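Summary of the model geometry
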Amino acid sequence: MTTTQPPRTPLGSLPPREHLRLGQIATVLDVVVPVYNEERDLEPCVRRLHEHLARTFPYGFRITIADNASTDRTPEVAALLDDEIDEVTAVRLEQKGRGRALRTVWSHSEAPVLAYMDVDLSTDLNALLPLVAPLISGHSDLAIGSRLSRSARVVRGPKREFISRTYNLILRGSLAARFSDAQCGFKAIRGDVAARLLPMIEDTGWFFDTEMLVLAERAGLRIHEVPVDWVDDPASTVQLVRTAADDLKGVWRVGRALATGGLPLDRLARPFGDDPRDRELSGVPGGLARQLVGFCAVGGLSTLLYLALYSLFRLGVGPQLANAGALLVSALANTAANRRLTFGVRGRDRALRHQAQGLVVFAIGLALTSGSLAALDAAGGQASHGTELAVLVAANLAATVLRFLLLRAWVFPDRERPDDVDAPRPHATHEHNDLTRSAR
């Protein structure tokens, strides 16, 4: 049986999350088990998983075995399970890669909730229903099992524990990730989100999970974490050193793409108002509350940067030159940060124009602060460094309101977005051409 490419999801931001209309859906959950040369563990894993779902899951489900080009008897075992159990389907891919298997099967599944778990079933299956329930209810977009949550119970060796925690610290430090466990083989995603997110993921191996979570988090999607009971599989064949090296390369690639605005994350964003905190306030224009919060946060950090630079430059030059240099550098950083965080503009389009307009706003701030320094100097006497800083802070506060109004009305009007939001979406890789399903 061959499969066809599912219809494209229209571009633009995702619609608000809704509770799934379960009475109209035959198969609510599709659980993928990616395998490579697992002839010994595959059958007991699938039978145990099927028994658990049949006993505890209240809706229709399917278990999909995704064979990554196994060279042992795994395809035969998968075909046998496909024949014997109605809810089991076997899929054969001719290339290795866990990420490739998940993307291929998920891209062709019609189930509204998609999940996967490792064949060793290290995670206690009692966490499966709590994992997918927030996706069914419309509360969350993705869900992950976490072995690093305080209430998780984990049995594994110190080497794997150290590697896991170090990797997640790297993600927090380099990509500002807030989820706690990127590599636990126990995750789920809503089908409508997967249709948009999967074509953006480049990795086909173990880094697939991390890339998926980072992109989802940066787009503002909600990730639900479930603490799990997890027992390490001592017979695991994962090559830790090679996997770690590939993951670090992936961190660098994704970090660079995020820094340059090369990813159309707008296509994953939920519309304004989907979150209860986004509800319109009486008499407040739409988006203003969020923009004020973002502007204040960016402004506070910019002020600290400005004061630090001024103090540094003041060691070698006079107050006017130190003020101009510090204000110029902080203004460039301020415009870039407000462009992305406050007004939601991503991508390189019009970036130079925005910086040029920001420099005009910078000139106004320079005039105010330079005038304040000149007035301080005209007052006579040798002002202390502390007095200079106090005057500069007061002048910057006076310019803040004008700066925000200029940014909102002139530099970033109407929260403009890149023109490529409606451009054709890049296709997913063509693994589906190599996809065949085992005959029943």
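The following paragraphs examine the structure supplied in this document. (Residues numbered from 1 in each chain as written. Predicted model: local features only at pLDDT ≥ 70, side-chain atom pairs only at ≥ 80, totals over all residues. Heavy atoms only, no water.)

1. A short note on the overall build of the protein chain
Under the convention used in this document: Strands are runs of DSSP state E lasting at least 2 residues, helices are runs of H or I lasting at least 4, and numbering of each runs from the N terminus. For every residue, the accessible area (1.4 Å probe, protein chains only) is compared with the maximum for its type, and the residue is labelled buried under 20%, exposed over 50%, or partly exposed between those bounds. We call two residues contacting when some pair of their heavy atoms lies within 4.5 Å. Here the Shrake-Rupley method, with its probe set to 1.4 Å, supplies the accessible areas, and only the displayed protein chains count as covering residues.
Looking only at helices and strands, the protein chain has 12 helices and 10 strands in total. Of all 440 residues assigned to the protein chain, the portion counted as buried reaches 47%. Within the protein chain, residue pairs in contact and separated by at least 24 positions form 81% of the contacts whose partners lie at least 6 positions apart. Accessible surface computed for the protein chain: about 21300 Å², of which carbon and sulfur atoms make up 59%.

2. Focus: helix α1 (residues 42–56)
The condition that has to hold: Here a helix's expected span is defined as the number of its residues, less one, multiplied by 1.5 Å. Here the arc refers to the directions that run from the helix axis out to each C-beta atom.
The end-to-end C-alpha distance of α1, which contains 15 residues, comes to 21 Å, matching closely the 21 Å that a straight helix rising 1.5 Å per residue would cover. Of all the positions in α1, only Leu-42, Cys-45, Val-46, Leu-49, His-50, His-52 and Leu-53 are classed as buried. The buried side chains of α1 occupy one side of the element, clustering within an arc of 165° when seen end-on. Of the exposed residues in α1, those oriented more than 90 degrees away from the buried face are Ala-54 and Arg-55. Those residues of α1 hidden inside the fold are in contact with β1 (29–35), β2 (61–68), α2 (74–84), β3 (88–93), β4 (113–117) and α4 (128–137).

3. Thoughts on the side chain of Asn-334
Within the secondary structure layout, Asn-334 lies in helix α10 (residues 319–342). Here Asn-334 is in contact with Val-298, Gly-299, Ser-302, Arg-403 and Leu-407, once residues within four sequence places are set aside.

4. Examining a nonpolar patch on the surface
To be explicit about the condition: Residues enter patches when their relative accessible area tops 30% and they take part in no salt bridge; the joining distance is 9 Å for like charges and 5 Å for the nonpolar side chains Val, Leu, Ile, Met, Phe, Trp and Tyr. Only one rule defines a salt bridge in this text: a Lys or Arg side-chain nitrogen within 4 Å of an Asp or Glu carboxyl oxygen.
A cluster of nonpolar side chains, namely Leu-328, Leu-332 and Leu-359, defines an oily patch on the protein surface of about 210 Å² accessible area. By secondary structure assignment, the location of Leu-359 is in helix α11 (residues 351–378).

5. Considerations on the pattern of salt bridges
Under the criterion given, the structure shown has 20 salt bridges. With a shortest N-O distance of 3.3 Å, Asp-41 and Arg-40 are connected by a salt bridge. Under the relative-accessibility criterion, Arg-40 is labelled exposed at 61%. Residues Asp-118 and Arg-98 are paired through a salt bridge, measuring 3.7 Å at the closest nitrogen-oxygen approach. With a gap of 20 residues between them, Asp-118 in the loop between β4 and α4 and Arg-98 in helix α3 (residues 98–108) connect regions that are remote in the sequence. A residue is classified by how much of its surface remains accessible, and Arg-98, at 6% relative accessible area, is buried. Each member of the salt-bridge network shares a partner with another, and the members are Arg-98, Asp-118, Lys-187 and Asp-209.

6. So, α2
Looking only at α2, the buried set comprises Thr-74, Val-77, Ala-78, Leu-81 and Asp-82. Axial view of α2: buried residues confined to an arc of 140°, hence all on one face. Against the buried residues of α2 lie β1, α1, β2 and β3.

Bear in mind that shape data such as this cannot, by itself, settle questions of function.
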